Amino acid sequence: MNWIELFVRRHVLSFVLSAVVVLFGVVAYQKIGVDRYPEIEQPTLSVSTSLSGATPEVIDQSVTQVVESAVNSVPGIDILESTSSPGRSQVKITFNLDKDIDVAFNEVQSKLERARRRLPDEADAPVVTKTDANASPIIWLTLSGARSERDLYQFANNVIRKQLESVDGVGEVWVRGRGERVIRVELDPARLAAHGLSAQDVKAALKREHRQDAGGTIESGPREYLVDLDQEFHSVSALKNLVIGWQGEAPVRLFDVAQVLDGEGDLKSFAREGGKPAVSIGIVRIPNTNTVAIADEVLARVDAISANLPAGLALKVSSNSADFINEMVGALKDHLFEGTLLAALVVWAFLRNWRATLIISLAIPVSLLGAIALMYFMGYTFNTITLLALLLLIGVVVDDAIVVLESVHRREEGGEAPFEAAVRGTNEVIFAVVAATLSLVAIFMPVLFLTSTVGRLFSTFAVVVSVGVLVSLLVSVTLTPMLCSRFLKAEPSHGRVYRAFEAAFDWLETGYRRLLAASVRHRGAVLAGSLALVIAGGGVALLMKSEFYPEEDEGRFMVMLKTPVGSSLAYTDARTRAAEAALMKLPEVDSVLAIVGGFGGNSANQTNMMVRLKSRDARERSQGEVLAEVRRKMGAVAGARVSAFPFPRVGESRGGKLQFSVVGPDLKEIQRINEALQARLAAEPGIGRADANSESQLPMLAVDVRREAAAKAGLSTQDVLEAVNLLTAGSDAAQFSDGDGERYDIRLKAAGGKLATAADLSAIYLRSKAGELVPLSAVAEVRPKLGPSQIERMALMYSAGMSASPTMPLAEAMAVVRAAAEPLLPPGYRVEFKGEARELDRSGGELITVFVLASLMLYLILAAQFNSFLQPALIMLAEPLALVGALVALWLTGHSLNVYSVIGMVLLIGLVAKNAILLVDVTNQHRARGMAVDEALLASCPLRLRPVLMTSLTVVLAMLPAAFGFGAGAQSNGPLAVAVIGGMVSSTLLTLLVIPAAYSLLEGRRQ
C-alpha cells in the first residue's frame, strides 16, 4: 500500500492533517498585525548636537567632523551623512539591513562618550535617537483653543508629549509652535555701558547669586536637620532685583540694565491650521516598527488625554499614515474574497459539478490559512506584499487539486470504481504535481542572495507563496483524493446546462486538435513566429517608464516653501499665507497644516505644509492630478520657491522622488558644481523644479579679532568671542522654577533691535582682565560677508544635496542627472543618489541576477525530476512567452516597471512552467506506452487542455479584482496583478502550441 492509498483509506487522518493547519491559521489570523510594508527599513540613528550661535563652518569643523570620526568605526554602516546648520549638527547613520538597532545604539553611544572631550565646552552633549531626522512623523496632532500660544505650547510640551513618548515604538515626539516658556533677560548694551558693566558681569552675577546647592544634614541630640541651601529666585519680580554690581554705594540691579520677561524662547517656528494659530505634535516611530499598531496606541492615548483636556482646548488628528494603510489592507482583503469566488466559479464552469467544485475550493482556505500560520510564527504582518501573495495563492493553490481531481474524474467517467479511480488517478499525475510545485518554490531560492530593500520585499513574498503552494501540495495528495473517493460520483446523465458547456468544450478541444496538428507539421514556422513575438515584445520594455515604487493616491501630500536665504521668519510667514490661500481654493483640499520655520524648527526661510485631501468619493481628481495643478499654481507665489510632492514612504526622506548629492573633497568646488548642475537641470522640463538643500549666500557678520590690540588691552581672543557670543547667540545662564514642577531656562541675550547693524555690534563693551571696559571696535573689526546656509557631508566628504519631483520616469530622470553632471565633475567628485532613486539604482543589477538565478534553479530542479537535460529546456520556453505578455499588458494599461511588476514577472517563471510540465509529462507517459513522438503529442496534449485552461483561468480571475484597481493601494496592487494576468494569458495560449512544436522537433530528431 503506497502513501496515497494510505490517505485515501484513512480518511480521518487526511481530515485531521488539514484541520490542524486550519486551526493554527485561524488563531494566527486574529493575532497578526497590519502594516504597509514588511520590515524593509534600514536601521537608522541620528546624532544631534547643539552649539548655540555657531556658524555652519564652525559647527562643521568643531562638532560634525568630531562626531563623524568617532562613529565611523562602528561596524555595519551603509551610509554616513551629516548636516551642519547654524547652531546645530545633525549626523545620520544608516546601517545595513541586518544590523540590530539596539546594538548599533549602544556602540554609537560608547563612541560618542569617548569623543565628548574633543567637542567645544559650550556644546550640548550629543543626543542619539533611533530615528531619521529627515523622516516624517506617522501622525500629526494639532492642539488649539481659546488660550495663548504659550499656554498651548506649555500644555503640549509638558503634558501631551510626556504621555505619548512612553508609547512602545515611538522614537521621538516633536512639538512645533511658538510659546516655549523661557525667562528672558534682554540686555541693553548702552545701559550696561552707562553703569560700567559688561554682559559677562551679568552672567557671572547670575551664576554667583542664583544658586541651589545640596546642604547635607546636622544632628542636634535626638533630632536630625536637613540643611536647605535653595537660594534661587522663584519669581520674576524677585529675579529683577538681583544685584549685579555697584556704582559707588548704590547697587545696580538687573532691571537697571535689562528687561526681565516671563516669555518665550527665540522665535524660530510656529504652526497654523486652517489659518488659526496652533501647536503641532508629530509622532516619529522607530524604524521597522509597526505603523498601525503604534498609531492605534497613540490614538488611544489621545482619547484619554482629550477626555481630561482643560475647558476650551481641542486635540485633533491632522494626519495619520495608518488611515491609508488600513484602507489598503481592507481593499486587499476584499480582493481575497472576490478572487476566491471567481476561482470557484471557474472550477464549476469546467466541471459543472458542485461536489467537485467544493472539493477543489477547500484547497483555498486550507492553503491560505497554512501560509497565515507561518506568517505569524515568522513575525510577518498583513501588508501589501503578504496580502498580494495570498491573493495570488487563491489561483495557484487550486492548480494541484484541479489536476488530481480532473484525473480522478476522468477515470470515474470511464467506469472505474471511486476508490481505484482516486488512487490510480492521483498516481498518474503525482509526478507532474510535485514537479510543478517544486519548480514554483525553486524560483524563489535566489532571493536568499539579495541584501537590498528589494531582497526584503522578495523574501517576504517568496516565503508566503512557497508555504502556500507546499500546503496545497499536501492537500492535493491527501485531502483531495480522499474526498474524491467518497463524494465525487460519475453522473449517469446530465442536464441541459452541462451538455451545453460540454458541447462548447468539445468544440474547443476539436479546434485545439486541429491547431496542434498544424503546429506539429509546421513546427519550424511556429517556433520562428514565437521568436519574432518575443523580440517584438521585448522592445516594449524600452517604451516603458521605470521607477522603484508607483505613486499612490494617499489623499494627502506635502508642500515645501523656501524664501531667499537670510529671510526673516515674518517674511516667510507672509509668503506662506499666500501659498495657503492658493491651496485652500482647490476644491479637493480639505485642510492645510503649516509649520513656519520647518519641521526642525530652525529654518527661518522654510515652511513645511501637510495638505489633506477630501475622501476619494468626494473628489473627481486623483492625488497626482491635484499635485500637478499645485505645482503649476505655486509658481505664482512671489518671493518664494514652492515644491509639492507625495508623503515620503517607509525609509524615504522628505523632498521629492528624485534626491541626489554631489560628493567630493572640497566644499567650494562642490558648491560651484552644484550651482552649475542646478542651472543645467533647470533647462530640462521633465525634471521639474530642482531645489538645492543649501545655498552659499547666507548674510553674515564676521568678527576679525586684532590679536595684538586685544592682548595690549588685556583681552584674549577667547574673551572677545565669548563676549560677542553672549549678546548675539545668547546663553542659558541658569534655570528657574516657580513651583509648577518644571525647570525653565534663564536666557541672557541682547534685546531685540539693540544689535541690528555692524556698528551696533562694534559698540559693545568687554571687560578686560584688569577690570577695564574696552569697546569691541578697539580690538576687532566687524565686516559683512556671505556664507553657506548649511554644510552637508556624505561618507566623510563634503556634499551638496538637491531634490526634485520629476514628471518623467524616475529612471530617465536619473539618466538626465548623470548626463548633466558628467562634464562638470572633476576627478574625485561624483553624484550619489539617495532615497528611492538609490534603491532603484542599486536594485537593477540585483533584479537581473534574480531572473537569471531563478531560471537556472528552475532548470536544475526540472532536470533532476525529468532525468533529462533537454526536456527542462523545452519547458522553459514558456518563460519568455509569459514575460512578453506581461510587458505588453503593463504597457497597454499604462503601468510602469517597478518593484511590484517585477515581482509578478519573476513569479511567472514558475507559474507558466506548471502548464508546460503537464504537457511534457503526459506526452512522456504516452511515449512510454510505445507511441511515436507526434502520435503521442496529438493523443496526450488535448487530454491536458482542460486542466491547463482551468489552472490558468483561476490565476487570472483571482488577480482580476486587483488588476481593475478598486480601492486604496490600487497603484501598487495593479502592476503585479496585470503582469501576472498578461503573462498567464500569453503563455497559456502560446504554450499549448509552442511546447508541442518544440517537443516534436527535439524528440523527433532524437527518435
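What you see is a predicted model; the values in this text were computed from it and never measured.

Calculation notes
Residues numbered from 1 in each chain as written. Predicted model: local features only at pLDDT ≥ 70, side-chain atom pairs only at ≥ 80, totals over all residues. Heavy atoms only, no water. Helix = DSSP H or I, 4+ residues; strand = E, 2+ residues; numbered from the N terminus. Buried < 20%, exposed > 50% of the residue type's maximum accessible area, 1.4 Å probe, protein only. Contact = heavy atoms within 4.5 Å. Areas by Shrake-Rupley, 256 points an atom, 1.4 Å probe, with all protein chains shown as cover. Lys, Arg positive; Asp, Glu negative; His and termini not counted. Charge placed at Lys NZ, Arg CZ, Asp CG, Glu CD. Patch = residues over 30% accessible without salt bridge, like charges linked within 9 Å, V, L, I, M, F, W, Y side chains within 5 Å. Salt bridge = Lys/Arg side-chain N within 4 Å of Asp/Glu carboxyl O. Domains from an automatic or database assignment. Phe/Tyr/Trp six-rings, centres within 6.5 Å; stacked < 30°, edge-to-face > 60°. Lys NZ or Arg CZ within 6 Å of the ring centre and 35° of its normal. Core = buried A, V, L, I, M, F, W, Y, C linked by side-chain atoms within 4.5 Å. Polar contact = N/O pair within 3.5 Å; in protein donor to acceptor, adjacent residues only side chain to side chain. Pairing = 2+ DSSP bridges. Axes fitted to C-alpha atoms, helices over the stretch in contact; angles between N-to-C directions. Parallel < 35°, antiparallel > 145°, perpendicular 65-115°, else oblique. Left-handed = near helix turned anticlockwise from the far one by under 90°. Nonpolar A, V, L, I, M, F, W, Y, C, P; charged D, E, K, R; others polar.

1. A word on the overall build of the chain
Then step 1. Looking only at helices and strands, one finds 33 helices and 30 strands in the chain.
Then step 2. For the C-alpha atoms alone, the extent of the chain along its principal axes is close to 125 × 80 × 55 Å.
Then step 3. Classification of the 1007 residues of the chain by burial places 56% in the buried group.
Then step 4. For the chain, the share of sequence-separated contacts (at least 6 apart) that also reach a separation of at least 24 residues comes to 80%.
Then step 5. Just so you have it, the chain exposes about 41000 Å², and 56% of that area is on carbon and sulfur atoms.
Then step 6. Within the chain, the 104 negative side-chain charges are centred at a point lying 3 Å from the centre of the 96 positive side-chain charges.

2. Examining a nonpolar patch on the surface
Then step 1. Taken together, the side chains of Val12, Phe15, Val16, Val20, Leu23, Phe24, Val27, Tyr376 and Phe377 define a hydrophobic patch exposed on the protein surface, amounting to about 870 Å² of accessible area.
Then step 2. Looking at the nonpolar patch, the elements that each hand over two or more residues are helix H2 (11-31) and helix H13 (363-378).
Then step 3. If you tally residues by element for the nonpolar patch, the top one is H2, at seven residues.
Then step 4. Its place among the elements puts Val16 in helix H2.
Then step 5. Residue Val16 is classed as partly exposed on the basis of its relative accessible area of 39%.

3. Observations regarding the domain arrangement of the chain
Then step 1. Looking at the assigned domains, one finds that the chain contains domain 1 (1-31 + 353-488), domain 2 (42-131), domain 3 (198-256 + 698-787) and domain 4 (508-543 + 868-1006).
Then step 2. Of note, the centres of domain 3 and domain 4, computed from C-alpha atoms alone, are 82 Å apart.

4. Remarks on the packing of aromatic side chains
Then step 1. The full count for this structure, using the stated rule, is five aromatic pairs.
Then step 2. When the ring centre of Tyr571 is taken as reference, the NZ or CZ atom of Arg575 above it lies at 6.0 Å.
Then step 3. In this structure, Arg793 is placed above the aromatic ring of Tyr798, and the distance from its NZ or CZ to the ring centre is 4.9 Å.

5. Observations regarding the nonpolar core
Then step 1. If you look at the biggest cluster of nonpolar residues, it comprises 206 residues, and the most contacted ones within it are Leu390, Leu392, Phe461, Val465, Leu658, Leu681 and Leu911.
Then step 2. When residues of this core are sorted by domain, at least three fall in each of domain 1 (1-31 + 353-488) and domain 4 (508-543 + 868-1006).
Then step 3. Ignoring anything within four residues of it in the chain, the contact list for Leu392 reads Phe461, Val465, Leu907, Leu911, Val955, Met959 and Val980.
Then step 4. Listed in part, the 41 residues of the second largest apolar core include Leu187, Phe233, Leu748 and Leu766.

6. Overview of the environment of Asp228
Then step 1. Along the polypeptide, Asp228 turns up in strand S9 (residues 223-231).
Then step 2. Sequence spacing of Asp228 and Arg253 is 25 residues, and the spatial spacing of their C-alpha atoms is 26 Å.
Then step 3. From its side chain, Asp228 meets the backbone nitrogen of Asp230 in a polar contact 3.0 Å long.

7. What about the sheet that holds strand S23 (residues 731-736)?
Then step 1. The four strands are arranged S12-S7-S24-S23 in an open sheet whose pairing can be described as mixed. At either end of the open sheet lies a strand with only one pairing partner, and these are strand S12 (258-264) and S23. Adjacent strand axes in the sheet meet at a mean angle of 25 degrees when their direction is disregarded.
Then step 2. Contacts from helix H24 (residues 717-728) reach strand S7 (181-187), S23 and strand S24 (744-750) within the one sheet, and its direction differs from that of S24 by about 110 degrees.

8. Considerations on the pattern of salt bridges
Then step 1. Applying the stated criterion to the full structure yields 26 salt bridges.
Then step 2. Ionic pairing is found between Arg793 and Glu68, a salt bridge with its closest N-O pair at 2.6 Å. Taken together, the residues Arg793 in strand S28 (residues 791-794) and Glu68 in helix H3 (residues 56-71) connect sequence positions 725 residues apart. Here Arg793 and Glu68 have matching classes, each one buried.

9. A closer look at unusual backbone geometry
Then step 1. One non-glycine residue, Ala795, lies in the positive phi region at around 55 degrees.
Then step 2. Secondary-structure assignment places Ala795 in the loop between S28 and strand S29 (797-804).
Then step 3. Residue classification places Ala795 among the partly exposed residues on the basis of a relative accessible area of 42%.
Then step 4. Positive phi values are uncommon outside glycine, yet Leu796 reaches one of about 65 degrees.
Then step 5. Looking at Leu796, the relative accessible area reads 36%, which means it is partly exposed.

10. Some words on the side chain of His210
Then step 1. Topologically, His210 is positioned in the loop between helix H7 (199-209) and strand S8 (211-220).
Then step 2. Given a relative accessible area of 5%, His210 falls into the buried group.
Then step 3. One polar contact links the side chain of His210 to the main-chain carbonyl oxygen of Gln735, over a distance of 2.7 Å.
Then step 4. Contact partners of His210, with chain neighbours within four places excluded, come to Ala205, Gln231, Glu232, Phe233, Ala734, Gln735, Phe736 and Ile746.

11. Brief notes about the packing of helix H11 (residues 321-351) against helix H14 (residues 384-413)
Then step 1. Two elements in contact, H11 and H14, have axes whose closest approach is 9 Å; the angle formed by their N-to-C orientations is 15 degrees. What the angle tells us is that H11 and H14 run roughly parallel. You can see that H11 and H14 cross each other, and the crossing is right-handed. Residues Met328, Val329, Leu332, Lys333, His335, Leu336, Gly339, Thr340, Ala343, Val347 and Leu351 of H11 form the contact with H14, whose own contacting residues are Thr384, Leu387, Leu388, Leu390, Leu391, Ile394, Ile402 and Leu405.
Then step 2. Residue composition of the contact of H11 with H14, by class: 14 nonpolar, four polar and one charged.

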